[in-house]
Amino acid sequence: MHRLIALVAGGLFGTGLYLSGLTDTTKVQGWLDVFGDWDPTLAFVMGGAILPMALAWALIRARAGRLRPLAGGTFPAPPRPEVDRRLVVGSVLFGLGWGLAGLCPGPAVASLSFGGWQGVVFLGFMVLGMAIAPRLRDRLDRAVPAD
Amino acid sequence: MESSWIMGLVGGVLIGTGGAVYLLGNGRIMGASGIIGGLVDGSGRDTAAERLIFLAGVVLMPLLLLPFVGDPQTRATSELWVLAAAGLCVGLGTRVANGCTSGHGVCGISRLSLRGIVATLFYILAGGLTVVLFRHILGVI
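Please read these numbers as outputs of a predicted model, since none were measured by experiment.

### Structural notes on the overall build of chain A
So, step 1. Helix and strand counts for chain A stand at 6 helices and 0 strands.
So, step 2. Counting helices and strands in the order they occur from the N terminus, chain A gives α-α-α-α-α-α.
So, step 3. Since a compact globule built from 147 residues should have a radius of gyration of about 15 Å, the 18 Å found for chain A marks it as more spread out than a globular shape.
So, step 4. For the C-alpha atoms alone, the extent of chain A along its principal axes is close to 50 × 50 × 30 Å.
So, step 5. Here chain A holds 147 residues, and the buried ones make up 51% of them.
So, step 6. Across chain A, every contact between residues at least 6 apart in sequence was considered, and the portion connecting residues at least 24 apart equals 50%.

Below is the structure:
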């Protein structure tokens, strides 16, 4: 059951990324290019994606305690409130890479279906970055003075 | 309204529906960087099969739709150092921040998570400044 749901969710995700144009790097860079030829498409993608998700969260809240995930288990805990150094430093690094190549993790994976070596190179270095991320996390934690 | 905006909205709703299916079905937040990252650092070993099947869905559906939709362009740069630096930053950043566009942006904002909103503001700001610097000032992308 878990696996079938993962396949359906992944399929919907991939279809959405493809149809919305998020696999097109010029579209992403066009959205970020506020001082150039700005392309607002990504705002429509974000807005469209947030709608069904907001409904899902609302359903879970409305049926708090009575609703369980279809395949069993529990729903995610409420989001942590604290904004820490990791969140800010990590997001800035991510934004830097996103702007440079116009790819983020989901579309980079979906782009594999089109062939081309560029997506493979990007993904290879992304995996390398993910592998060394725990070291940067530790360093950021150590940089915070103990109180 | 431009047709690319309409396709953006349609694609966006499908992305969000995928996230809703994953949440209501498996009780998990659909974050692409978390799903891949858990396979890379071994933290998601217990759910490795589910993660791989999700990623297979992401690759297979566009492949099936290619003949009907067409235009399979990523238009990604062929500049090797740009791809390498970008990939490294994205991999490092998403794991340190514990999320990317799908996790923080789509799943986080929709539940009004402060962390999701702050992360999204910072990565869009950083991405915008990057394009200004590397496109309009340095002229390399």
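Don't stop here, the text continues.
### Remarks on the packing of helix α6 (residues 117–143) of chain A against helix α2 (residues 32–40) of chain B
So, step 1. Two numbers describe how α6 of chain A lies on α2 of chain B: the axes approach to 9 Å, and their chain directions differ by 70°. The angle between α6 of chain A and α2 of chain B places the two elements in the roughly perpendicular class. The handedness of the crossing between α6 of chain A and α2 of chain B comes out as right-handed. Residues M126, V127, M130 and A131 of chain A of α6 of chain A pack against S33, I36, G37 and V40 of chain B of α2 of chain B.
So, step 2. The class makeup of the residues in the contact of α6 of chain A with α2 of chain B is 6 nonpolar, 2 polar and no charged.

### Things to note about the interface of chain B and chain A
So, step 1. At the junction of the two partners, chain B supplies 101 residues and chain A supplies 104 residues.
So, step 2. Counting each side, the surface lost to burial between chain B and chain A is near 9,100 Å², with a carbon and sulfur contribution of 77%.
So, step 3. Of all residues in chain B, the largest losses of buried area upon contact with chain A belong to V96, R111 and R115 of chain B, amounting jointly to 8% of the total for that side.
So, step 4. Put simply, chain B and chain A have 3 salt bridges between them.
So, step 5. The closest approach of N and O atoms between R75 of chain B and D24 of chain A, which form a salt bridge, is 2.9 Å.

### As for the packing of aromatic side chains
So, step 1. Taken as a whole, this structure holds 8 aromatic pairs over all chains when the rule is applied.
So, step 2. Ring centres of W98 of chain A and Y123 of chain B lie 5.5 Å apart, and the angle between their planes is 85°; on these two criteria the pair is classed as edge-to-face. One end of the pair, W98 of chain A, is in helix α4 (residues 85–101); the other, Y123 of chain B, is in helix α6 (residues 114–137), on a second chain.
So, step 3. An aromatic cluster of at least three residues, connected via ring pairs, comprises F13 of chain A together with Y22 and F54 of chain B.

### A word on the packing of α4 of chain A against helix α4 (residues 80–96) of chain B
So, step 1. At a closest axis distance of 7 Å, the pairing of α4 of chain A and α4 of chain B adopts a crossing angle of 155°. It follows from the interaxial angle that α4 of chain A and α4 of chain B lie roughly antiparallel. For α4 of chain A against α4 of chain B, the interelement crossing comes out left-handed. Here R86, G90, S91, L93, F94, L96, G97, W98, L100 and A101 of chain A of α4 of chain A lie close against α4 of chain B, whose contacting residues are V82, A85, A86, C89, V90, L92, G93, T94 and V96 of chain B.

### Topic: the side chain of S91 of chain A
So, step 1. For S91 of chain A, the position within the fold is in helix α4.
So, step 2. Judged by its relative accessible area of 2%, S91 of chain A is buried.
So, step 3. Of note is the side chain of S91 of chain A, whose polar atom sits 2.7 Å from the backbone oxygen of L87 of chain A.
So, step 4. Those residues in contact with S91 of chain A that sit more than four places away from it in its chain are R86 of chain A together with G93, A97, A119, F122 and Y123 of chain B.

### Some points on a nonpolar patch on the surface
Residues and elements named next belong to chain B.
So, step 1. Side chains of W81, L133, I137, L138 and V140 sit close together on the surface and give an oily, nonpolar patch of about 470 Å² of accessible area.
So, step 2. With respect to the helices, strands and loops of the structure, V140 is situated in the segment after α6.
So, step 3. Its relative accessible area of 37% is what places V140 among the partly exposed residues.

### So, the pattern of salt bridges
So, step 1. A complete count under the given rule lists 8 salt bridges over all chains for this structure.
So, step 2. Across the pair D33 of chain A and R135 of chain B runs a salt bridge, and its minimum N-O distance is 3.0 Å. Of the two residues, D33 of chain A sits in the loop between α2 (25–32) and α3 (41–62) while R135 of chain B sits in helix α6, which places them in two different chains.
So, step 3. Judged by relative accessible area, which is 25%, R135 of chain B ranks as partly exposed.

### Re the side chain of T94 of chain B
So, step 1. Within the secondary structure, T94 of chain B is located in helix α4.
So, step 2. Filtering out sequence-adjacent residues up to four positions away, T94 of chain B remains in contact with G90, F94, P105 and M130 of chain A together with S33, C89, G99 and C100 of chain B.

Basis of the calculations
- Here the residue numbering is sequential within each chain, running from 1 through the sequence in written order.
- Chain A is the first chain written and ligand 1 is the first ligand written, with later ones labelled in order.
- Only residues with pLDDT of 70 or above have their local features reported here, since the model is predicted, and side-chain atom pairs are shown and tallied only from 80 upward, although totals for entire chains, interfaces and linings are computed over all residues.
- In computing side-chain properties, one takes all heavy atoms of the structure into account and sets aside hydrogens as well as water.
- Numbering of helices and strands runs from the N terminus, with a helix taken as a DSSP run of H or I at least four residues long and a strand as a DSSP run of E at least two residues long.
- The globule rule is 2.2 Å times the number of residues to the power 0.38, and the radius of gyration it is compared with is taken over C-alpha atoms.
- We call a residue buried when its accessible area falls under 20% of the maximum for its residue type, exposed when it is over 50%, and partly exposed in between, using a 1.4 Å probe and counting protein chains only.
- We call two residues in contact when some of their heavy atoms are within 4.5 Å.
- Interaxial angles span 0 to 180 degrees and are taken between N-to-C directions of axes, which are lines fitted to C-alpha atoms, for helices over the stretch in contact.
- By definition in this entry, angles of less than 35 degrees are roughly parallel, angles greater than 145 are roughly antiparallel, angles of 65 to 115 are roughly perpendicular, and the rest are oblique.
- What makes a crossing left-handed is the near helix being turned counterclockwise from the far one by less than a right angle; a clockwise turn instead makes it right-handed.
- Three classes are used, and their members are as follows: Ala, Val, Leu, Ile, Met, Phe, Trp, Tyr, Cys and Pro are nonpolar, Asp, Glu, Lys and Arg are charged, and the others, Gly among them, are polar.
- Using a 1.4 Å probe, buried area is obtained as the accessible area two parts lose upon being combined, added over both of them.
- When a carboxyl oxygen of Asp or Glu lies within 4 Å of a side-chain nitrogen of Lys or Arg, that pair is called a salt bridge.
- For Phe, Tyr and Trp, rings pair up if their centres lie within 6.5 Å, where Trp contributes its six-membered ring, and each pair is then called stacked (planes under 30 degrees apart), edge-to-face (over 60) or tilted (otherwise).
- Whenever two N or O atoms come within 3.5 Å, that pair is a polar contact, provided that in protein one can donate a hydrogen and the other can accept it, and provided that, for residues adjacent in sequence, both atoms are side-chain atoms.
- Residues form patches when they are more than 30% accessible in relative terms and have no salt bridge. Like charges link within 9 Å. Nonpolar side chains (Val, Leu, Ile, Met, Phe, Trp, Tyr) link within 5 Å.
- Here the Shrake-Rupley method, with its probe set to 1.4 Å, supplies the accessible areas, and only the displayed protein chains count as covering residues.

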